[in-house]
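# Notes for the structure review
Take a look at the letters that make up each chain.
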Amino acid sequence: LRCDRRPVHARQPPSTSAMQQPISVVWHKSTDLRTHDHEPLARAHSSNLAVLHVFVVDPHWWAPTAPGGRRRTGALRTRFLRECLEGLRESLAAHGQHLAVLRGETSECFAALCRRHRVATVHAFAEVCSEEVAIERRVAEVLQAAGARLELSWGFTLYHRDDLPPRTSFKTYSSFRRAVQEEPGAAVRPEVPPPRSWRPPPAPVHEEPGAGRLPEDLG
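Remember, it's a predicted structure, so these values are computed and weren't measured experimentally. (Residues numbered from 1 in each chain as written. Predicted model: local features only at pLDDT ≥ 70, side-chain atom pairs only at ≥ 80, totals over all residues. Heavy atoms only, no water.)

## Here we look at helix α5 (residues 130-145)
Threshold: Every helix listed is a DSSP run of H or I at least four residues long, and every strand listed is a run of E at least two residues long, numbered separately from the N terminus. An expected span of 1.5 Å times one less than the residue number is assigned to each helix. Two residues form a contact once any of their heavy atoms are found within 4.5 Å.
A rise of 1.5 Å per residue sets the reference length of α5, with its 16 residues, at 22 Å; its end C-alpha atoms lie 23 Å apart and thus fit the reference within 8%. Elements that come into contact with the buried residues of α5 comprise β1 (22-28), α4 (106-116), β4 (118-125) and β5 (149-153). In the stretch just after α5, glycine 147 is the one whose phi turns positive, near 80°.

## Some details on the layout of surface pockets
A probe as big as a water molecule, rolled over the atoms, marks out the empty space that is left. Our working rule: Throughout, the protein atoms alone are placed on a 1 Å grid, and a set of points is a cavity if a 1.4 Å probe fits but cannot get out or a pocket if it is open with protein on both sides within 12 Å along at least five of seven lines; lining residues have an atom within 4 Å of a point. Grid points are joined across faces, edges and corners, and a volume is the space filled by probe spheres set on the points. Amino acids are sorted into nonpolar (Ala, Val, Leu, Ile, Met, Phe, Trp, Tyr, Cys and Pro), charged (Asp, Glu, Lys and Arg) and polar (every other residue, Gly among them).
Space inside the largest pocket adds up to approximately 580 Å³. Sorting the residues of the lining of the largest pocket by element identifies β1, β2 (50-57), α3 (75-93) and α5 as the ones contributing at least two each. By residue number, the principal contributor to the lining of the largest pocket is α3, which donates 4 residues. For the lining of the largest pocket, the per-class residue count stands at 13 nonpolar, 5 polar and 7 charged.

## Focus: the packing of aromatic side chains
Quick reminder of the rule: By convention, a stacked pair of Phe, Tyr or Trp rings (six-membered ring in the case of Trp) has centres within 6.5 Å and planes under 30 degrees apart, an edge-to-face pair has planes over 60 apart, and any other such pair is tilted. Counted as over-ring charges are cases with an Arg CZ or a Lys NZ within 6 Å of the ring centre that also lie within 35 degrees of the ring normal.
In this structure the tally under the stated criterion is 4 aromatic pairs. Relative to phenylalanine 176, the ring of tyrosine 159 lies with its centre 5.9 Å away and its plane at 85°, an arrangement referred to as edge-to-face. A residue pair is termed long-range when its members are at least 10 positions apart, and tyrosine 159 in the loop between β5 and α6 (173-182) and phenylalanine 176 in helix α6 qualify at 17 residues. Aromatic pair tyrosine 173 and phenylalanine 176: ring centres 6.2 Å apart, planes at 40°, arrangement tilted. Taken together, the positions of tyrosine 173 and phenylalanine 176, both in helix α6 and 3 residues apart, correspond to about one turn of that helix. Taken together, the ring pairs connect Tyr159, Tyr173 and Phe176 into an aromatic cluster. Its guanidinium or amino end placed over the ring of tryptophan 27, lysine 29 lies 4.2 Å from that ring's centre, counting from NZ or CZ.

Here is the structure:
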């Protein structure tokens, strides 16, 4: 699905069936294309809402960088990403789920998604780098304007940041290691298991965009 840039008055209204019931969305990114140990996924399927899994192909990540002019994502990494998406699509399909692959600027894609569905909550992992955080912030603003919210989970470190000893900073790895070894409560959390009960995707699922594949013109 290419995100619609036409004026609002020129767009087709979303189907009534797609807008009847609120839904939860799992926003998958290139760093979490899996179904195990995935807290946002587990949170989404713990609700009583239909769940739509989404991946956004944002041209920003294939554009040249400003200083060096090299692509952020090259051909080999694109091929690996496509294979990971195929694996995720198959894993989700085994549980009756659908992976919607959207293409366009990320916040615009979520704006289009909110026009198509009554999105209640978007579940995702929190970002840490500047460009990703900026995109995340714009998505949160779009969702808030549509009456939805972005719910973030932490998932980028072996030790959860909320479980670290009460210390402001660690100057070296050794100081960090000693602190977590000496802290009785500092332990690695167990993996988040897949949902015991998977919520269905929004109906009718055949109208949802994307077949879990990246476009061929990115590599």
